Amino acid sequence: MNVTKEKVVSISYELRTNEANGEPIEQVDSNNPLQFIFGTGYMLPQFERNLEGLTVGESFSFQLSPEQAYGNVDQEAIVDLSKDLFVMDGKLREDLLVLGNTIPMRDGDGNRIDGRVLEIQDEIVKLDFNHPLAGDTLFFSGSIVEVREASQEELEHGHIHHDHHDCHGCSHCG
């Protein structure tokens, strides 16, 4: 069976950034593969284009430019915020304000966005709201572990049900 739209695809892979032979930043093996419904927007579009048509056992190796992946670093997404925003119950949450820490925040519409702490000054905290892989070229290598038909329930819910029939705890299934 080929990797095509609305098939459940399981893959093992390694992800490296900026160098094809660089240090792996993510490894997923065939014992616990990444599973997704192909063509439903779960994965990056160019990532899926590189897998389309492959079959079980086939290997892949490709790179995605920043434009094909998470975009270039947007300087406007790096902002200075007042430390006052991190005061809760009258006390500064110093446990949050650690260089490199990711802090969940809300945008003006109430959507969750994560900011990575870049700098801490006396009154200001500099946060980066870019995706952590923004600006990076991504190098993927791996293989197709399984391809199967998605169940109607999986297609309706937009995610994998690991035993192929039952879903526990998703917003669609309760």
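See above for the structure.
Residues numbered from 1 in each chain as written. Predicted model: local features only at pLDDT ≥ 70, side-chain atom pairs only at ≥ 80, totals over all residues. Heavy atoms only, no water.

## Quick notes on the pairing of strand E10 (residues 124-128)
Part 1: Bridge count for strand E5 (residues 78-82) against E10 is five bridges, and the pairing is antiparallel. For leucine 81, the partnering residue across the bridge sits in E10 and is valine 125.
Part 2: Bridge count between strand E9 (residues 112-120) and E10: four bridges; the pairing is antiparallel. Bridge assignment links glutamate 119 to a residue of E10, and that residue is lysine 126.
Part 3: Connecting the antiparallel pair E9 and E10 is a turn made up of three residues. (Pairing = 2+ DSSP bridges. Helix = DSSP H or I, 4+ residues; strand = E, 2+ residues; numbered from the N terminus.)

## A few points about the sheet that holds E9
Part 1: Taken together, four strands build an open sheet; the order of strands is E5-E10-E9-E8 and the sheet is antiparallel. Edge positions in the sheet fall to E5 and strand E8 (102-106), since each of these pairs with one other strand and no more. The mean angle between the axes of side-by-side strands here comes to 45 degrees, regardless of whether they run parallel or antiparallel.
Part 2: Bridge count between E8 and E9: five bridges; the pairing is antiparallel. Of the residues in E9, the one forming a bridge with proline 104 is aspartate 114. (Axes fitted to C-alpha atoms, helices over the stretch in contact; angles between N-to-C directions.)

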